[in-house]
Amino acid sequence: MKSITGVGVADVVSVYSSAPGDLFQLMFGQQIHVGGMKASIDLADRAGIAPGMNGVDLCCCNGGDMRFLVRFRNVASMVGVDVTEAIVERGRRMTHEEGLDDKIRFILADACKSGLPSASADFIWSEDAWCYVPDKPKLIAEAARIVRPGGVIAFTDWVEGPAGLSDSEAQRFLGIMMFANVENIAGYAKLLSGSGCEVRAAEDTGQFASHVDLYVNMLEMQLKYDALRILGFSTELLDALLDGFRFIGEMARAGKVAQARFIARRK
């Protein structure tokens with residue numbers, strides 16, 4: 001696992017409570033992860049998420065994935081856990097506007113110590129969010145604690161690719177994204193197994209590089225004014241952000257970073 005010093009949960013909260021958080025929602029839409037709704041459908045299909053299930057989204061952001069699950073998978077209820085108050089409040093507003101308050105509940109808490117009852121969920125869900133959590137062993141253990149025996153843990157995340165990041169590349173990548181560290185596919189699989197889960201899938205989605213290119217193109221060709229408005233019309237800040245995402249795209253094409261999919265069943 002590659003790591004960087006001086007980055008923690010407080011830094012992530014700061015990012016998502018300010019302009020960068022608004023910019024991510026502009027770039028990604030309500031579902032702030034690579035692949036959007038298409039990726040969510042694929043993950044739900046592979047994980048066997050079925051009507052009537054009760055789920056927990058650890059690091060739920062604004063709740064876009066939970067709204068997808070109750071609308072398009074007929075999930076009975078979702079509980080979302082996130083540590084950023086501004087994002088939780090935004091999620092509550094958006095959920096209320098869609099009339100889904102009766103099926104979706106938000107909890108402001110650290111995903112590693114959610115306070116939710118043990119064995120209380122049919123499935124645990126997350127898309128491209130656990131990369132922000134410094135203590136990944138504790139996070140996986142919490143997911144395994146909350147899900148019932150026989151239940152499913154289904155998530156995607158940004159990981160170190162098979163080619164591996166050099167120390168300098170890792171420092172730049174982690175600094176750009178405000179990740180304290182980045183896990184790899186084998187590392188996550190080991191953590192899941194060590195928490196009493198049978199790993200059903202641990203694989204590269206193969207879609208990371210193309211989507212990073214898409215986000216750069218969107219900001220350059222379609223959303224530039226909107227992005228500049230969020231950034232106080234600072235072209236310097238936008239140029240720096242674009243340069244960072246171009247670098248991440250280069251790392252993705254070189255097999256050094258990737259988006260990976262994980263599906264595990266609690267024994």
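All residue numbers refer to position in the chain's written sequence, counted from 1. Confidence filtering applies because this is a predicted model: local features only for residues at pLDDT of at least 70, side-chain atom pairs given and counted only at 80 or more, and all residues used for totals across whole chains, interfaces and linings. Heavy atoms from the whole structure form the basis of all side-chain values; hydrogens and water molecules are not counted.

## What about the sheet that holds strand 6 (residues 147–160)?
Stage number 1. Taken in spatial order, the 7 strands line up as 4-3-2-5-6-9-8 in an open sheet, and their pairing is mixed. A single partner strand is all that each edge strand has here, and the edge strands are strand 4 (104–108) and strand 8 (197–204). Sheet twist, expressed as the mean angle between neighbouring strand axes with direction ignored, is 15 degrees.
Stage number 2. Relative to strand 4, strand 3 (residues 77–82) is paired through 5 bridges, and the arrangement is parallel. Considered in strand 4, the bridge of G80 is made with F106. Strands were regarded as paired on the criterion that DSSP finds at least two bridges between them. For helices the rule is a DSSP run of H or I covering at least 4 residues; for strands it is a run of E covering at least 2, with both sets numbered from the N terminus onward. Only the stretch in contact is used when a helix axis is fitted, and all axes are lines through C-alpha atoms; the angle between N-to-C directions ranges over 0 to 180 degrees.

## Description of the packing of helix 9 (residues 208–221) against helix 11 (residues 235–253)
Stage number 1. The contact between helix 9 and helix 11 brings their axes to 8 Å, and the two run at 160 degrees. On the basis of the axis angle, helix 9 is roughly antiparallel to helix 11. Helix 11 is crossed by helix 9, and the crossing has left-handed handedness. Only L241, L242, F245, R246, I248, G249, A252 and R253 of helix 11 make contact with helix 9, whose side of the interface consists of F208, A209, V212, D213, V216, L219 and E220.
Stage number 2. Ten residue types, Ala, Val, Leu, Ile, Met, Phe, Trp, Tyr, Cys and Pro, are classed as nonpolar, four, Asp, Glu, Lys and Arg, as charged, and the remainder, Gly among them, as polar. Taken together, the residues that form the contact of helix 9 with helix 11 break down as 10 nonpolar, 1 polar and 4 charged. Small angles under 35 degrees read as roughly parallel and large ones over 145 as roughly antiparallel, with 65 to 115 read as roughly perpendicular and the rest as oblique. Helix crossings get a hand from a simple test, with the near helix turned counterclockwise from the far one by less than a right angle marking a left-handed crossing and a clockwise turn marking a right-handed one. Contact between two residues is taken to exist if any of their heavy atoms lie within 4.5 Å; hydrogens are not considered.

## Regarding the pairing of strand 2 (residues 54–58)
Stage number 1. Type-normalised accessible area, obtained with a 1.4 Å probe on protein chains alone, sets the label of each residue: buried when under 20%, exposed when over 50%, and partly exposed for intermediate values. Within strand 2, 4 of the 5 residues are buried, which leaves it mostly tucked inside the rest of the structure.
Stage number 2. As paired elements, strand 2 and strand 3 share 5 bridges and run parallel to each other. For V56, the partnering residue across the bridge sits in strand 3 and is V79.
Stage number 3. Between the parallel elements strand 2 and strand 3, the chain passes through helix 4 (residues 64–72) in a crossover that is right-handed. Seen with its strands pointing away from the viewer, a crossover is right-handed if its path from the first strand over the helix to the second goes clockwise.

Fair warning: the whole summary comes from geometry, so function is off the table for now.
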